[in-house]
Amino acid sequence: MTRLVLLGPPGAGKGTQAARLAQTLDVPAISTGDIFRRNVTEGTDLGVAAKKYIDAGDYVPDSVTNAMVADRLAEADAGPGFLLDGYPRTGDQVLELDRMLQEQGVDLDHVVEITVDTDEVVKRLTKRAAEQGRSDDTEEVFRHRFEVYAEQTAPLAQTYADRGLLVQVDGMGEVDVVTARLLAAIGREG
Ligand code: ADP
């Protein structure tokens, strides 16, 4: 079974690719962004706590996010494997994930960084804003999300490279082509 982390800037196509990879690999795709948005829609305490950060394009505090992921990874379906989309995003989250996995006596197999060109990503996000009307997809907010990513999350690629876990995949091109590249990069073609 496979335990994967997907890294990549806002708009890199992580959500789209996560759903496809999860199906092929037969593991649950766990997207922290999706879990937060669902909680916001449902008006849960977690959603209320997270909403102001999300709308501003800031990260939800680590304490909140880590607790949420720990609960989700403890569910039965994530036992044999999982694909984490959007977590970890900070150095503290890396350490917390290490602790969670250590408790289960398991390790990550790969950390896959989807690389994109920034202009292309701005185009994609503008399109998504028009189609889905996500509250954090206005141009001003996504510029801020890029900055936060560059400062807090991009350095995690090096952390995982130092552990020999990082694979980088070009996220530009057709969705199917990118999926094929991702599967090839983790040694799971077709
Ligand atoms: P994108 O990949 O387009 O940046 P996501 O759907 O993954 O968007 O996340 C949307 C928002 O949810 C983030 O901007 C952030 O506020 C919050 N979020 C998601 N994952 C995390 C995380 N690991 N730590 C803190 N905040 C998070």
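A short note on the overall build of the protein chain
Next, step 1: When helices and strands are tallied, the protein chain shows nine helices and five strands.
Next, step 2: Listed by position from the N terminus, the elements making up the protein chain come as β-α-β-α-α-α-β-α-β-α-α-α-β-α.
Next, step 3: The C-alpha atoms of the protein chain give a radius of gyration of 16 Å, which matches the 16 Å a tight globule of 190 residues would have.
Next, step 4: Taking the principal axes of the C-alpha coordinates as reference, the protein chain spans close to 40 × 40 × 30 Å.
Next, step 5: Counting only residues that meet the buried cut, the protein chain has 44% of its 190 residues in that class.
Next, step 6: Long-range contacts, defined as pairs at least 24 residues apart, comprise 74% of the intrachain contacts of the protein chain with a sequence gap of at least 6.
Next, step 7: Summed over its atoms, the accessible surface of the protein chain is roughly 9,500 Å², and 48% of this surface lies on carbon and sulfur atoms.

Here we look at unusual backbone geometry
Next, step 1: The linkage connecting Tyr87 with the following residue, Pro88, adopts the cis geometry, with an omega of -5°.
Next, step 2: Structurally, the position occupied by Pro88 is in the loop between strand S3 (82-85) and helix H5 (91-104).

Quick look at the pattern of salt bridges
Next, step 1: Applying the stated criterion to the full structure yields nine salt bridges.
Next, step 2: Arg99 is paired through a salt bridge with Glu96; the nearest N and O atoms lie 2.7 Å apart. Taken together, the residues span about one helical turn, with Arg99 and Glu96 both in helix H5 at a distance of three residues.
Next, step 3: For Arg99, a relative accessible area of 45% translates into the label partly exposed.
Next, step 4: Two residues, Asp98 and Arg163, come together in a salt bridge whose shortest N-O distance is 2.8 Å.

Comments concerning the environment of Val64
Next, step 1: Residue position: Val64 is located in helix H4 (residues 62-73).
Next, step 2: Judged by relative accessible area, Val64 falls into the partly exposed class, the value being 24%.
Next, step 3: The sequence separation of Val64 and Thr159 amounts to 95 residues, and the corresponding C-alpha distance is 23 Å.
Next, step 4: In this structure, Val64 is in contact with Phe36 and Leu46, ignoring residues within four places of it in sequence.

Considerations on helix H3 (residues 45-56)
Next, step 1: Listed as buried for H3 are Gly47, Ala50 and Ile54. Down the axis of H3, the smallest arc covering the buried residues is 80°, so these residues share one side. When the buried face of H3 is taken as reference, the exposed residues oriented beyond 90 degrees from it are Asp45, Val48 and Lys52.
Next, step 2: For H3, the secondary structure elements touched by its buried residues are helix H2 (32-42).
Next, step 3: Count one or two residues on from H3 and you reach Gly57, which has phi positive near 80°.

So, the sheet that holds strand S4 (residues 110-115)
Next, step 1: Across the sheet, which stays open at both edges, the five strands sit in the order S2-S3-S1-S4-S5 with parallel pairing between neighbours. Each of the sheet's edge strands pairs with one partner strand only, and the pair in question is strand S2 (29-31) and strand S5 (166-170). For this sheet the average axis-to-axis angle between neighbouring strands, irrespective of direction, equals 25°.
Next, step 2: Relative to S5, S4 runs parallel, the two being bridged by five bridges. For Ile114, the partnering residue across the bridge sits in S5 and is Val169.
Next, step 3: Together, strand S1 (3-7), S2, S3 and S4 form the strand contacts of helix H1 (residues 14-25), whose direction differs from that of S3 by roughly 180°.

Examining the packing of helix H6 (residues 118-132) against helix H7 (residues 139-153)
Next, step 1: The contact between H6 and H7 brings their axes to 11 Å, and the two run at 135°. Between H6 and H7, the angle falls in the class oblique. Classified by chirality, the crossing of H7 by H6 is right-handed. On H7, the residues that touch Val121, Val122, Leu125, Thr126 and Arg128 of H6 are Phe142, Arg145 and Phe146.
Next, step 2: For the contact of H6 with H7, the class distribution of residues is five nonpolar, one polar and two charged.

Criteria and thresholds
Residues numbered from 1 in each chain as written. Predicted model: local features only at pLDDT ≥ 70, side-chain atom pairs only at ≥ 80, totals over all residues. Heavy atoms only, no water. Helix = DSSP H or I, 4+ residues; strand = E, 2+ residues; numbered from the N terminus. Rg over C-alpha atoms; globule rule 2.2 N^0.38 Å. Buried < 20%, exposed > 50% of the residue type's maximum accessible area, 1.4 Å probe, protein only. Contact = heavy atoms within 4.5 Å. Areas by Shrake-Rupley, 256 points an atom, 1.4 Å probe, with all protein chains shown as cover. Salt bridge = Lys/Arg side-chain N within 4 Å of Asp/Glu carboxyl O. Arc of directions from axis to C-beta. Pairing = 2+ DSSP bridges. Axes fitted to C-alpha atoms, helices over the stretch in contact; angles between N-to-C directions. Parallel < 35°, antiparallel > 145°, perpendicular 65-115°, else oblique. Left-handed = near helix turned anticlockwise from the far one by under 90°. Nonpolar A, V, L, I, M, F, W, Y, C, P; charged D, E, K, R; others polar.

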